[in-house]
Amino acid sequence: MYMEMKIKPIDLPGVDTQRPLIITGPCSAESEEQVMQTARSIADKGIKIFRAGIWKPRTKPGGFEGVGEIGLQWLKRVKKETGMYTATEVATRDHVFEALKAGIDVLWIGARTTVNPFAVQEIADALKGVDIPVLIKNPVNPDLELWIGAIQRIYGAGICRIGVVHRGFSSYDKKIYRNLPLWHIPIELRRRMPELPIICDPSHIGGKRELIAPLSQQAMDLSFDGLIIESHCNPDAAWSDKEQQITPDVLDYVLNLLVIREEIQTTENLSELRRQIDQVDEQLLELLAKRMRISREIGVYKKEHNMPVLQSPRYSEILEKRSSMGEAMDLNTDFTREILKKIHEESVRQQMIIMGDEE
Ligand code: PEP
Ligand code: MN
């Protein structure tokens with residue numbers, strides 16, 4: 001069902017409408033001291049929206065699952081003493097009621113919630129008749145329709161101030177990122193819903209402190225509207241996501257280094273083309289890593305079935321078929337063959353290791 005949406009800007013009085021909109025604060029509220037100390041340093045930098053997770057969805061039970069309701073009182077204090085707006089994650093009807101009761105200003109729906117239409121609908125129903133900005137994080141899996149479905153459910157409840165948060169997508173393959181950026185997905189969302197603000201979450205995409213600055217810059221270069229970045233007064237001691245949190249001072253440094261380019265980018269623009277090349281190279285490497293993983297799985301199968309690593313007919317077939325495929329794509333045949341040979345060589349080497357290792 002197509003739904004015409006009239007999304008309104010997030011628009012919080014006193015918050016600069018120039019991009020980037022900045023939301024920052026710890027992954028989780030841990031104690032009143034940690035929340036207040038972090039919040040004061042953040043407010044000192046002139047930042048207006050403070051985030052903290054009160055209820056934390058965890059992959060496995062037994063970890064720190066958030067301080068719960070008590071933390072809302074700390075956020076109230078942040079608001080009162082620093083004047084910042086507060087934001088937190090909601091995943092159930094009760095979370096919504098509690099957060100609204102505590103005067104939280106911005107709600108967000110986490111990636112593990114966006115995947116579940118029942119949960120999103122429950123939140124939407126709890127929000128009927130309320131006017132509050134809601135940010136919807138992308139689902140953990142790269143499914144744009146599911147993301148749009150969540151936006152439609154929240155909009156259907158009468159919420160017009162909606163933004164989305166791009167926090168990357170889970171993947172089984174080893175990679176430099178905690179969550180693959182797959183930039184083409186938010187870019188397609190921008191094309192489909194141009195008025196929808198897109199906020200990048202470099203902390204959860206990168207999963208590492210040192211990736212926050214380059215990812216933030218990439219997001220700005222892709223015309224994203226804002227950034228949500230995890231910052232903590234003592235990141236090394238954080239109870240969740242400590243690898244990806246930075247101090248408010250480092251955050252300030254990162255934000256000051258950002259270059260905000262407002263000119264319209266065209267394909268003639270060399271730096272834009274270079275950025276595209278960087279992204280394609282990254283995708284190539286991710287694909288190669290995936291191919292090697294599959295290759296290793298084949299290696300295990302061959303070992304279990306007493307098959308030799310080298311299956312010559314299969315190799316010749318790959319070379320022949322792929323070279324003509326490449327030719328059809330205007331790729332030089334020698335070039336394609338060279339690359340395929342190198343890839344095959346490395347696959348064989350990895351399968352040999354599997355044969356040897358398990359002996
Ligand atoms: C978070 O923002 O702390 C969080 C849990 O993020 P995500 O839902 O993107 O994993
Ligand atoms: Mn986190």
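Anything mentioned here points back to the structure above.
Residues numbered from 1 in each chain as written. Chains lettered and ligands numbered in written order. Predicted model: local features only at pLDDT ≥ 70, side-chain atom pairs only at ≥ 80, totals over all residues. Heavy atoms only, no water.

Here's the deal with the packing of helix 6 (residues 144–156) against helix 7 (residues 184–192)
The relative placement of two packed helices comes down to the angle between their axes together with the axis-to-axis distance. Filter applied, for reference: Lines are fitted to the C-alpha atoms to define the axes, a helix being fitted only along its stretch in contact, and any angle between axes, read from their N-to-C directions, falls within 0 to 180 degrees. A helix here means a DSSP run of H or I that spans at least four residues, while a strand means a run of E at least two residues long, and both kinds are numbered starting from the N terminus. Here the word oblique covers every angle except those under 35 degrees (roughly parallel), over 145 (roughly antiparallel) and from 65 to 115 (roughly perpendicular). Should the near helix be turned counterclockwise from the far one by less than a right angle, the crossing is left-handed, whereas a clockwise turn marks it as right-handed. In this analysis, two residues are considered to be in contact whenever any of their non-hydrogen atoms come within 4.5 Å of each other. For this scheme, ten residues count as nonpolar: Ala, Val, Leu, Ile, Met, Phe, Trp, Tyr, Cys and Pro. Four count as charged, namely Asp, Glu, Lys and Arg, and the remainder, Gly too, count as polar.
The interhelical angle for the contact between helix 6 and helix 7, taken along N-to-C directions, is 50 degrees, at an axis separation of 10 Å. The orientation of helix 6 relative to helix 7 falls into the category oblique. The two elements helix 6 and helix 7 cross, and the hand of that crossing is right-handed. Contact residues: Leu 144, Glu 145, Trp 147, Ile 148 and Ile 151 in helix 6; Ile 185, Pro 186, Glu 188, Leu 189 and Arg 192 in helix 7. Of the residues contributing to the contact of helix 6 with helix 7, the split by class is seven nonpolar, no polar and three charged.

Observations concerning the sheet that holds strand 4 (residues 106–109)
Put simply, the rule is: Any two strands with at least two DSSP bridges between them are considered paired.
The strand order 1-2-3-4-5-6-7-8 describes a closed barrel built from eight strands, whose pairing is parallel. When strand polarity is set aside, the average angle formed by the axes of neighbouring strands in this sheet is 25 degrees. Each of strand 2 (49–51) and strand 3 (85–89) is contacted by helix 2 (residues 70–82), which is oriented at about 160 degrees to strand 3, the strand it contacts most. Strand contacts of helix 9 (residues 212–221): strand 7 (198–200) and strand 8 (226–230), with the helix running at about 165 degrees to strand 8, the strand carrying the most contacts.

Remarks on the site of ligand 1
The cut-off we apply is this: One heavy atom suffices: a residue is near a molecule or strand as soon as one of its heavy atoms comes within 4 Å of it. Distance and chemistry together define a polar contact, namely a pair of N or O atoms within 3.5 Å, with one atom able to donate a hydrogen and the other to accept it when in protein, and with adjacent residues in sequence counting only for side-chain atoms on both sides. The accessible surface values rely on the Shrake-Rupley method and a 1.4 Å probe; as for residues, cover is taken only from the protein chains in view.
What surrounds ligand 1 is the set Cys 27, Arg 51, Lys 56, Glu 89, Trp 108, Gly 110, Ala 111, Arg 112, Lys 137, Arg 167, His 204 and Glu 230. Taking Arg 51, its side chain carries an N or O atom lying 2.9 Å from an oxygen atom of ligand 1. Within the side chain of His 204, a nitrogen or oxygen atom sits 3.4 Å from an oxygen atom of ligand 1. For ligand 1, the protein covers 98% of the area, taking 300 Å² as the surface of the free molecule. Residue composition of the shell around ligand 1, by class: three nonpolar, two polar and seven charged.

What about the pattern of salt bridges?
For clarity, the cut-off: One side-chain nitrogen of Lys or Arg within 4 Å of one carboxyl oxygen of Asp or Glu is enough to make a salt bridge. A 1.4 Å probe rolled over the protein chains alone gives each residue an accessible area, and that area as a share of the maximum for its type sets the label: buried under 20%, exposed over 50%, partly exposed in between.
Using the criterion set out here, one finds 24 salt bridges in the structure. Residue Asp 241 pairs with Arg 178 through a salt bridge whose shortest N-O separation is 3.2 Å. Of the two residues, Asp 241 sits in the loop between strand 8 and helix 10 (248–257) while Arg 178 sits in the loop between strand 6 (162–166) and helix 7, which places them 63 residues apart along the sequence. Residue class for Arg 178 comes out partly exposed when judged on its relative accessible area of 33%. The partner of Glu 188 in a salt bridge is Arg 191, and the shortest N-O contact between them spans 2.8 Å. Residue Glu 188 and its partner Arg 191 are both found in helix 7; the two are separated by three residues, about one turn of the helix. Taking relative accessible area as the criterion, Glu 188 reaches 25% and is therefore assigned partly exposed. Of the residues examined, Arg 191 reaches a relative accessible area of 58% and is grouped as exposed.

Some details on the coordination of the manganese ion (ligand 2)
In plain terms, the rule: Metal donors were taken as nitrogen, oxygen and sulfur atoms no farther than 2.8 Å from the ion, or 3.2 Å where the ion is Na, K or Ca. Water is excluded, so coordination may look unfinished.
Within the protein, Cys 27 (SG), His 204 (NE2), Glu 230 (OE) and Asp 241 (OD) serve as the donor atoms for the manganese ion (ligand 2), at 2.1 to 2.4 Å. Look at where the donors of the manganese ion (ligand 2) fall in the sequence and you get C-x176-H-x25-E-x10-D. Remark: Asp 241 occurs in the loop between strand 8 and helix 10 and Glu 230 occurs in strand 8; sequence separation between them is 11 residues. Like Asp 241, Glu 230 is buried.

Re the packing of helix 5 (residues 117–127) against helix 6
At a minimum axis separation of 8 Å, helix 5 and helix 6 run at an interaxial angle of 20 degrees. Relative to helix 6, the element helix 5 is oriented roughly parallel. Note that helix 5 runs across helix 6; the crossing there is right-handed. Where helix 5 abuts helix 6, its residues Pro 117, Val 120, Gln 121, Ile 123, Ala 124 and Leu 127 lie against Leu 146, Ala 150, Arg 153 and Ile 154. The residue makeup of the contact of helix 5 with helix 6, split by class, is eight nonpolar, one polar and one charged.

Things to note about the pairing of strand 4
Which entries qualify depends on this criterion: A crossover gets the label right-handed when its path from the first strand over the helix to the second runs clockwise, viewed with the strands pointing away from the viewer.
Side chains Val 106 and Trp 108 project from strand 4 onto one buried face, and the interleaved Leu 107 and Ile 109 project onto a second face that is buried too. As judged from the three bridges shared by strand 3 and strand 4, these two strands associate in the parallel manner. Within strand 4, the residue paired with Glu 89 across the bridge is Trp 108. Considered for its hand, the β-α-β crossover made up of strand 3, helix 3 (residues 93–101) and strand 4 is right-handed.

Here we look at unusual backbone geometry
Both trends apply: most residues other than glycine have a negative phi, and most peptide bonds are in trans. Going from Arg 19 to Pro 20, the amide bond is cis rather than trans, its omega being 0 degrees. Here Pro 20 is to be found in the segment before strand 1 (21–25). In this structure, Asp 11 takes a positive phi of about 45 degrees despite not being glycine. Looking at where Asp 11 falls in the secondary structure, it is placed in the segment before strand 1.

Read these as geometric descriptors, not functional statements.
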